[in-house]
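# Architecture and fold: a report
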Amino acid sequence: MRIGIPKEVHTGERRVAGTPRTVKQLIQAGFEVVVEEGAGFQAEHLDSMYAESGASLTSDVRALWGESDLILKVHTPQMHPELGEHEADLIKEGGCLIGFVWPAQNEEVLAKLNARNASVLAMDCVPRITRAQKVDALSAMANAAGYRAVIEAVNVYPRFLMGQSTAAGAIKPAKVLVIGAGVAGLAAIGAARSLGAIVRAFDTRAEVGDQVRSMGAEFLELDFKEEGSGTGGYAKQMSAEFIEAEMKLFAQQAMEVDIIITTALIPGKPAPKLITAGMVESMREGAVIVDMAAQQGGNCALTQPEKMVIHKGVRLVGYTDLPSRMAIQTSWLYASTIVNMIDEMGGSEEFKIDLENEIIRGALVCHGGQTTWPPPQAEPAPKPEAASQQWTEEHGAADESSKENTGKSKLGSIVLWVIAGLAMVGLGWAAPDSFLSHFTVFVLACFVGWQVVWNVAPALHTPLMSVTNAISGIILIGGMLHLSGAPSEAITVLGAIAVFVAAINVSGGFLVTRRMLSMFQK
């Protein structure tokens, strides 16, 4: 099976859908890989590096598209500037394409691909489920974009980001506000914190607050009861009252912070306007806004996509190619998710479009000449009442049997306790006073030991070891005193048992401690 990797024709795109490392993986998996000459040049991957990995190189773009069974791309197919033809018209009849497609915004491209009877998997439509993390190209690119957003902000910010004490005077650390605590937002928070800034973050989803705080940032909250979690891990569109409250918060923060990074996007809709012109003008001279939603219109009213402009001393960064500015790293990340997707499709031996695979079906946007996006929704989980009724109907008899068994076990437990109580009464009636006093101490020691050790959380077992060793040391001394001169043989036996068990505990404690210390030695 032949895989083709063409050169990206989108203006300013530096990434490539296959790196020498991932090409080598595909060849080892049994694929034949053909790379267009110069495809990886912008990502600093020379043609010689692809050749060393085992790939074939070609300058014939039409042959690459028309003879490859599977095409790997970064951007959506578009008009090829040199050939004067649309890339979707070049694909092999019945071929397969994997790349970013954005089906909601590119219906004409889908129509062209359907005309070629192509099967298309959109990496931007991979379902946000745990099993699909290895093919989640969006998260990989968002992580890089969030990091790069901070780098771009620092590049144009005319002050220090971290606080300093100098002979000329004290420099306060910069304050950074991150709007949206998704993958990109969290990456931006981590980068800004590592550079010494004071970071604040806001998100409509209250559950991300703990993630923000765990990274050392302050989570801004509104006194407003409305849940912002949407489907697929995205935030949903909020009510007018909530938006009014958050806009007041942003207006207040704009006057206090030095850098604002916005990441707010709603799938399939223009980016919400969160920073007004008035907020921009209220920021101090030299402040920076990095609008990561610029490609969808921007979160700032004054953002100009693909440009950096200055409005009354405030720098507005609207770059739409943040991941592409780290092409070496992001090309490898993106290509790795594609390799995982191909592996999910069966590899070279069993490559197929499995409609029963939830990852493949979720990403599939064209198949058999038809648009298959959006995928059919999964059946909703049964309501608690219905599930309870169904369980009762199916397992009613089993529950009754279980109740009978539970009743029998409780009765047996009561009988055992009664027998144990009678035995204790008989022992107290027949045993001498000296034995009873020592036996009482023995029972109390067992009870206290049980409470001290077994009722403690596992996380506290290690610091508890020193306490249990101390208790065991006391038991050792007491047991040794009873090994000789005891008034009865029973006391001597109990003393010997106490010495034996306590010695095991002490020696085991020292052994475990030594093993723990060795973990920190080179």
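In this report, the structure presented in the accompanying data block is examined. All values reported here derive from a predicted model rather than from experimental measurement.

### A look at the overall build of the protein chain
Summing up its helical and strand segments, the protein chain has 16 helices and 17 strands in all. Taken across its 522 residues, the protein chain has 40% of its residues classed as buried. The long-range share in the protein chain, meaning contacts at least 24 apart out of those at least 6 apart in sequence, stands at 65%. In the structure as shown, the protein chain presents an accessible area of about 28,600 Å², 58% of it carried by carbon and sulfur atoms.

### A few points about the sheet that holds strand 4 (residues 70-72)
Read from one edge to the other, the open sheet built from eight strands follows the order 3-2-1-4-5-6-16-17, with strand pairing classed as mixed. Only two strands of the sheet have a single partner each, and these edge strands are strand 3 (56-58) and strand 17 (370-371). Judged from the two bridges that link them, strand 16 (residues 364-367) and strand 17 form a sheet pairing that is antiparallel. Directly across from His367, in strand 17, lies its bridge partner Gln370. Against the sheet, helix 1 (residues 20-28) engages strand 1 (2-5), strand 2 (32-36) and strand 4, with an angle of about 150 degrees to strand 2. Contacting strand 5 (96-99), strand 6 (119-122), strand 16 and strand 17, helix 5 (residues 107-115) runs over the sheet at an angle of about 40 degrees to strand 16.

### Examining the packing of helix 6 (residues 137-156) against helix 7 (residues 183-194)
Where helix 6 contacts helix 7, the axes come no closer than 7 Å and their chain directions differ by 35 degrees. Seen along the crossing, helix 6 lies across helix 7 with a hand that is right-handed. Contacts from Ser139, Ala142, Asn143, Gly146, Tyr147 and Val150 in helix 6 reach Val183, Ala184, Ala187, Ala188, Ala191 and Ala192 in helix 7.

### Here's the deal with the nonpolar core
By size, the foremost hydrophobic cluster in this structure holds 40 residues, and its most contacted members are Leu72, Ile98, Met341 and Ile342. Of all the secondary structure elements, the ones that give two or more residues to this core are strand 1, helix 1, strand 2, strand 4, strand 5, helix 6, helix 11 (327-344) and helix 12 (358-363). Looking at this core, the element that brings in the most residues is helix 11, giving six residues. Discounting residues that sit within four places of it in the chain, Met341 has contacts with Ile98, Leu121, Met123, Val126, Val135, Ile359, Ile360 and Ala363. Membership of the second largest hydrophobic core comes to 32 residues, among which are Ala153, Leu186, Val199 and Val288.

Definitions and limits used
Residues numbered from 1 in each chain as written. Predicted model: local features only at pLDDT ≥ 70, side-chain atom pairs only at ≥ 80, totals over all residues. Heavy atoms only, no water. Helix = DSSP H or I, 4+ residues; strand = E, 2+ residues; numbered from the N terminus. Buried < 20%, exposed > 50% of the residue type's maximum accessible area, 1.4 Å probe, protein only. Contact = heavy atoms within 4.5 Å. Areas by Shrake-Rupley, 256 points an atom, 1.4 Å probe, with all protein chains shown as cover. Pairing = 2+ DSSP bridges. Axes fitted to C-alpha atoms, helices over the stretch in contact; angles between N-to-C directions. Left-handed = near helix turned anticlockwise from the far one by under 90°. Core = buried A, V, L, I, M, F, W, Y, C linked by side-chain atoms within 4.5 Å.

Shape is all these values report; function is a separate question.
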